[in-house]
Protein chains: 2
Amino acid sequence: MSGNYVHGYTEREAERLHDQAETLTGLLHGDTRYPAGSRVLEAGCGTGAQTVILARNSPDARITSVDISEASLEAARKRVRDAGFKNVTFEAGDIFDLPYEPGSFDHIFLCFVLEHLADPRGALERLRPLLREGGTITAIEGDHGSTYFHPDSPYARRAIGCLVDLQREAGGNALIGRELYPLVTGAGYRDVHVSPRMVYVDSSRPDLVRGFTRLTFTAMVEGVGEDAVGRGLMSREDWERGVADLYRTAGSDGVFCYTFFKATGRK
Amino acid sequence: MSGNYVHGYTEREAERLHDQAETLTGLLHGDTRYPAGSRVLEAGCGTGAQTVILARNSPDARITSVDISEASLEAARKRVRDAGFKNVTFEAGDIFDLPYEPGSFDHIFLCFVLEHLADPRGALERLRPLLREGGTITAIEGDHGSTYFHPDSPYARRAIGCLVDLQREAGGNALIGRELYPLVTGAGYRDVHVSPRMVYVDSSRPDLVRGFTRLTFTAMVEGVGEDAVGRGLMSREDWERGVADLYRTAGSDGVFCYTFFKATGRK
């Protein structure tokens, strides 16, 4: 799977994930806090952008963070160590085939993972036995189809469409946020609750203009430009106009909207 | 303007507006409460769907509700009378040319009005002198471009696009929600704050499945079918598939998302 990660593993991408995590921390993670002593599995920790938040929000939980990429794990280990947290254990593993005993965890947490999997429901099904009865699962995902903005631009919309297309080609689904309810219920969890987390950005919110519209979302789109143009999904001229139009929404009369979805369920 | 009201003035439309108002009352109006004795102008009250909510939430405010359509005013009068409220005065008038003295109102309220105007910023500018210094304006609008759903369907998306096209032809803007911040600031109000109100519907929320996905949104789209097909915007077959696909999102594994925007500003 790791070879298909649509955003690649560059340093700029690592920075983008970091900016994203810092800007959105409260919105996405503020209500995820695990009790002292509880055993938490972070499935697909990547470079640890969310791991440090988990570790900070639940300082007395025992967190196990797994990822299939050794390089990502190394970055995550360093990030968590640099942040001074000692409540995380890192282990390499494929979330479709983890070596833990049934009922090993009280809580499972996934963030921006399901979107990259060809079989997200299968992943949720494989994780379920690892939870104790009554344990919870939390999954957070974006949905690029939730994006709209002012001024509107067909070029910008098409550029985002390229990102969706590329992620689909890589076996993922950039529109997965809206599907969390049927996915998590379909995988056998009960009491499923989905809470949308909308990021609304206008010029009265300069931190989000910079931190979300520019450094997170538009930078992410910009990052797949060579791929999109190289594969002929858009002409270079149209692509550049699309990216410019996205940056334009960060202007003083611009508005940018995006929605993340947070699902919780119980075994 | 009244002749251009895209949804028409049928009884079914009046029912739809009523269902809409009942389902969304808390989400859209819960935080709008005007103090005893304050003078409130509701600009563009239509058939009074929001007027009864205003009157209930602010029982001791003195509400003046105006509309350009005498027929709508008559329906609004009856609705407010039937609901037992006595704190509303109805007056016919064009919101671009109201006969009130400067500073006549402490608060102005508009809901689902700007979307139908060719010059929404002009309307906001014309209303501003009617506010006392420090008085507030509140504007609530939808944005049909904020709609997405599962299962996704290009036919359903196109059917919604027809509604947007028809409203544009009628001089309005069905994508106005996202523009409220630049519109209200551009019209000279200060301390403008826009709060998105997302309606997220999955099968764990049966009241919204029925009250919003089916009876409000899809019924609204369905209501312009003859117009859309008659003008050749879509073939009848594609249209019917689009509407069926929208109803499909009300199924047990379906999800439907829509966002309203509520702007407040101060003179």
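Just so it is clear, the structure is predicted and the values come from calculations on it, not from any experiment. (Residues numbered from 1 in each chain as written. Chains lettered and ligands numbered in written order. Predicted model: local features only at pLDDT ≥ 70, side-chain atom pairs only at ≥ 80, totals over all residues. Heavy atoms only, no water.)

Caption draft 1: Fine view of the overall build of chain A. Scanning chain A from N- to C-terminus turns up 9 helices and 8 strands. In terms of overall size, chain A behaves like a compact globule, its C-alpha atoms giving a radius of gyration of 18 Å where 267 residues would be expected to give roughly 18 Å. Taken over the C-alpha atoms alone, chain A extends approximately 55 × 35 × 35 Å along its principal axes. Every one of the 267 residues in chain A was classed for burial, and the buried ones make up 59%. Long-range pairs, those at least 24 residues apart, make up 79% of the contacts in chain A with a sequence separation of at least 6. Element-wise, carbon and sulfur atoms account for 47% of the exposed surface of chain A, whose accessible area totals about 10,800 Å². The centroid of the 31 positive side-chain charges in chain A is displaced by 5 Å from the centroid of its 38 negative side-chain charges. (Helix = DSSP H or I, 4+ residues; strand = E, 2+ residues; numbered from the N terminus. Rg over C-alpha atoms; globule rule 2.2 N^0.38 Å. Buried < 20%, exposed > 50% of the residue type's maximum accessible area, 1.4 Å probe, protein only. Contact = heavy atoms within 4.5 Å. Areas by Shrake-Rupley, 256 points an atom, 1.4 Å probe, with all protein chains shown as cover. Lys, Arg positive; Asp, Glu negative; His and termini not counted. Charge placed at Lys NZ, Arg CZ, Asp CG, Glu CD.)

Caption draft 2: Local environment of the packing of helix H7 (residues 206–223) of chain B against helix H9 (residues 236–248) of chain B. Residue and element names in this part refer to chain B. Running from N to C, H7 and H9 point in directions that differ by 170°, and their axes come no closer than 10 Å. If you check the angle between H7 and H9, you find them roughly antiparallel. For the pair formed by H7 and H9, the contact residues are Thr-213, Arg-214, Phe-217, Thr-218, Ala-219, Val-221 and Glu-222 on the first element and Trp-239, Val-243, Leu-246 and Tyr-247 on the second. (Axes fitted to C-alpha atoms, helices over the stretch in contact; angles between N-to-C directions. Parallel < 35°, antiparallel > 145°, perpendicular 65-115°, else oblique.)

Caption draft 3: Just helix H5 (residues 154–169) of chain B, in detail. Residue and element names in this part refer to chain B. Taking 1.5 Å per residue as the helical rise, H5 with its 16 residues ought to reach 22 Å, and the 22 Å between its terminal C-alpha atoms agrees with that figure. All buried positions along H5 are accounted for by Ala-156, Ala-159, Ile-160, Gly-161, Cys-162, Leu-163, Val-164, Leu-166 and Gln-167. The backbone nitrogen of Tyr-155 lies 3.2 Å from a side-chain oxygen of the residue at the head of H5, namely Ser-153. Among the residues trailing H5, Gly-171 stands out with phi positive, at a value near 95°. (Expected span 1.5 Å × (residues − 1). Polar contact = N/O pair within 3.5 Å; in protein donor to acceptor, adjacent residues only side chain to side chain.)

Caption draft 4: View of the pattern of salt bridges. Tallied over the entire structure, the rule returns 39 salt bridges over all chains. Close ionic contact of Asp106(A) with Arg39(A) constitutes a salt bridge, the shortest N to O distance being 3.0 Å. Within this pair, whereas Asp106(A) is found in strand S4 (residues 105–111), its partner Arg39(A) is found in strand S1 (residues 39–43), the two being separated by 67 residues in sequence. Residue classification places Asp106(A) among the buried residues on the basis of a relative accessible area of 11%. In this structure, the salt-bridge partner of Arg236(B) is Glu226(B), at a minimum N-O distance of 3.2 Å. With Arg236(B) in helix H9 and Glu226(B) in helix H8 (residues 225–230), this pair connects stretches of sequence that are 10 residues apart. With a relative accessible area of 56%, Glu226(B) lands in the exposed category. Members of the salt-bridge network, linked through shared partners, are Asp31(A), Arg197(A) and Lys262(A). (Salt bridge = Lys/Arg side-chain N within 4 Å of Asp/Glu carboxyl O.)

Caption draft 5: Structural view of the interface of chain B and chain A. Taken together, the contact between chain B and chain A spans 27 residues of the former and 27 residues of the latter. Of the roughly 2,100 Å² buried between chain B and chain A on both sides combined, carbon and sulfur atoms contribute 64%. Of all residues in chain B, Tyr148(B), Arg178(B) and Tyr181(B) give up the largest surface area on contact with chain A, accounting jointly for 31% of the area buried on that side. Inspection of the region where chain B meets chain A yields 0 salt bridges. The tally of links from chain B across to chain A stands at 4 residue pairs in polar contact (both at pLDDT 80 or more). Every element with two or more residues in the side of chain B that touches chain A is listed here: strand S6 (148–150), helix H6 (180–186), strand S7 (190–202) and strand S8 (255–266) of chain B. Top contributing element to the side of chain B that touches chain A by residue count: S7(B), with 6 residues. Class assignment for the residues of the side of chain B that touches chain A results in 12 nonpolar, 8 polar and 7 charged. (Buried area = accessible area lost by both parts, 1.4 Å probe. Nonpolar A, V, L, I, M, F, W, Y, C, P; charged D, E, K, R; others polar.)

Caption draft 6: Layout of the relation of the copies chain B and chain A. Overlaying chain B on chain A yields an RMSD of 0.0 Å, the required transformation being a rotation through 180° with an accompanying axial translation of 0.0 Å. The operation mapping one copy onto its partner corresponds to a two-fold rotation axis. Minimal C-alpha separation from the rotation axis in chain B is found for Ser146(B), amounting to 3.5 Å. Looking at the interface residues of chain B, 100% of them are also at the interface in chain A, so both copies use one shared face. (Least-squares fit on C-alpha atoms with pLDDT ≥ 70 in both.)

Caption draft 7: Broad picture of the pairing of strand S3 (residues 88–92) of chain B. Residues and elements named next belong to chain B. Relative to S3, strand S2 (residues 62–67) is paired through 5 bridges, and the arrangement is parallel. The residue bridging Ile-63 from the neighbouring strand is Val-88, located in S3. In this view, the connection linking S2 to its parallel neighbour S3 by way of helix H3 (residues 70–82) has right-handed handedness. (Pairing = 2+ DSSP bridges. Right-handed = clockwise from strand over helix to strand, strands pointing away.)

Caption draft 8: Main features of the side chain of His150(B). By the secondary structure assignment, His150(B) is in strand S6. In this structure His150(B) touches Arg178(A), Glu179(A), Pro182(A), Thr249(B), Asp253(B), Gly254(B) and Val255(B), once residues within four positions along its chain are discounted.

Caption draft 9: Spotlight on unusual backbone geometry. A cis amide bond, omega 0°, links His150(A) with the succeeding residue Pro151(A). Along the polypeptide, Pro151(A) turns up in the loop between strand S6 (148–150) and helix H5 (154–169). Phi angles above zero are rare outside glycine, and Phe112(A) is one such case at about 60°. With respect to the helices and strands, Phe112(A) occurs in the loop between S4 and helix H4 (120–127). Of note in the backbone geometry, Asp191(B) takes a positive phi value of approximately 50° without being a glycine. Note on placement: Asp191(B) falls in strand S7. What makes Asp191(B) exposed here is its relative accessible area of 55%.

Caption draft 10: Examining the side chain of Asp202(A) more closely. Residues and elements named next belong to chain A. Mapped onto the fold, Asp-202 is located in strand S7 (residues 190–202). When its relative accessible area of 1% is taken as the criterion, Asp-202 is described as buried. A polar atom in the side chain of Asp-202 sits 2.5 Å from the side chain of Ser-204.

Caption draft 11: Here's a closer look at empty space enclosed by the protein. All names here are of chain A. Scanning the model with the defined rule gives 1 cavity of 30 Å³ or more in all. In this structure, the largest cavity is lined by His-29, Thr-32, Gln-50, Ile-53, Leu-54 and Asn-57. Partitioning the lining of the largest cavity into residue classes produces 2 nonpolar, 4 polar and no charged. (1 Å grid on protein atoms, 1.4 Å probe; cavity = no way out; pocket = protein on both sides within 12 Å on 5 of 7 lines; lining within 4 Å. Points joined across faces, edges and corners; volume = space filled by probe spheres on them.)

Caption draft 12: Structural view of the UniProt feature "domain: Methyltransferase" (unreviewed entry) in chain A. According to UniProt, the positions carrying the feature "domain: Methyltransferase" (unreviewed entry) are residues 37–143 of chain A. The annotated region residues 37–143 of chain A carries 26% helix and 32% strand content, and the separation between its end C-alpha atoms amounts to 33 Å. (UniProt positions renumbered as here; feature names shortened; annotations may be inferred.)

Caption draft 13: Focus on H7(B). The axis of H7(B) is deflected most strongly, by about 25°, at Thr213(B). By the burial criterion, the buried members of H7(B) are Val209(B), Gly211(B), Phe212(B), Thr213(B), Thr216(B), Phe217(B), Thr218(B), Ala219(B), Met220(B) and Val221(B). (Bend = angle between axes of the 7 residues up to and from the residue.)

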